[in-house]
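# Commentary on secondary and tertiary structure
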Amino acid sequence: MANITKLDSNDTLSEIAIHNGVVYLAGQVPNDDSLDIKGQSREVFANIDAALAKAGSDKSKILSAQVFITDLANFDAFNSEWNQWVKDITPPARATVEAKLVNPNWLIEIMVIAAI
């Protein structure tokens, strides 16, 4: 069996898991939950970029993204930020669902799987 590397782990989860050249990120959430959907989205994208860099990857290698948004009324505003973030790459496969998140002030959470 190939090695599995887990980074930034605690008793509950690992932020990053790497196996067979694939990076799995835990759900990335905003640092400042007082921001609007655009601000929270930009923070989540920055968190994804940082985690992928730590794993030796980047957003151009994202295979799939699962987007959890608390209110589909924010979908267009989120998409405008997403489109800016992925404008220089071919976007990954993506699913977006409306969901209730653990912190009621979070508006967005994103999980990604990427190649190294």
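Before reading further, recall that the structure is shown in the block above.
What comes next is a walk through the structure.

Parameters at a glance
Residues numbered from 1 in each chain as written. Predicted model: local features only at pLDDT ≥ 70, side-chain atom pairs only at ≥ 80, totals over all residues. Heavy atoms only, no water. Core = buried A, V, L, I, M, F, W, Y, C linked by side-chain atoms within 4.5 Å. Buried < 20%, exposed > 50% of the residue type's maximum accessible area, 1.4 Å probe, protein only. Helix = DSSP H or I, 4+ residues; strand = E, 2+ residues; numbered from the N terminus. Contact = heavy atoms within 4.5 Å. Pairing = 2+ DSSP bridges. Axes fitted to C-alpha atoms, helices over the stretch in contact; angles between N-to-C directions. Salt bridge = Lys/Arg side-chain N within 4 Å of Asp/Glu carboxyl O. Arc of directions from axis to C-beta.

A few words on the nonpolar core. Ranked by size, the top nonpolar core spans 24 residues in total, and within it Leu-25, Ile-48, Leu-52, Phe-78, Ile-108, Ile-110 and Val-112 carry the most contacts. When contributions to this core are tallied by element, the ones reaching two or more residues are β2 (14–19), β3 (22–25), α1 (37–54), β4 (62–69), α2 (75–85) and β6 (108–115). Here this core gets 6 residues from one element, more than from any other, and that element is α1. When neighbours within four sequence positions are excluded, Phe-78 is seen to be in contact with Ile-37, Ser-41, Phe-45, Val-67, Ile-69, Arg-94, Ile-108 and Ile-110.

A few words on the sheet that holds β2. Pairing is mixed across the open sheet formed by 6 strands, whose spatial order is β1-β2-β3-β6-β4-β5. Here the strands that pair on one side only, and so sit at the sheet edges, are β1 (4–9) and β5 (93–98). With strand direction ignored, the average angle separating the axes of adjacent strands in the sheet is 10 degrees. Those strands touched by α1 are β1, β2, β3, β4 and β6, and its axis lies near 30 degrees from that of β6.

Under the criterion given, the structure shown has 3 salt bridges. Among the ionic pairs, Asp-8 bridges to Lys-54, the shortest N-O distance being 2.8 Å. Of this pair, Asp-8 sits in strand β1 while Lys-54 sits in helix α1, placing them 46 residues apart in sequence. Between Glu-81 and Lys-38 there is a salt bridge, with the nearest N and O atoms lying 3.9 Å from each other. Residue Glu-81 is found in helix α2, and its partner Lys-38 is found in helix α1; the two are separated by 43 residues along the sequence. Beyond isolated ion pairs, a larger network of salt bridges with shared partners links Lys-38, Arg-42 and Glu-81.

Looking at α2, one finds that the buried residues are Phe-78, Asn-79, Glu-81, Trp-82 and Trp-85. Taken down its axis, α2 places every buried residue within 165 degrees of arc, on the same side. At its buried positions, α2 is contacted by α1, β4, β5 and β6.

The next thing to look at is the environment of Phe-78. Here Phe-78 shows up in helix α2. Exposure remark for Phe-78: the relative accessible area of 0% places this residue in the buried category. Along the sequence, Phe-78 and Asn-20 sit 58 residues apart, while their C-alpha atoms lie 32 Å from each other.

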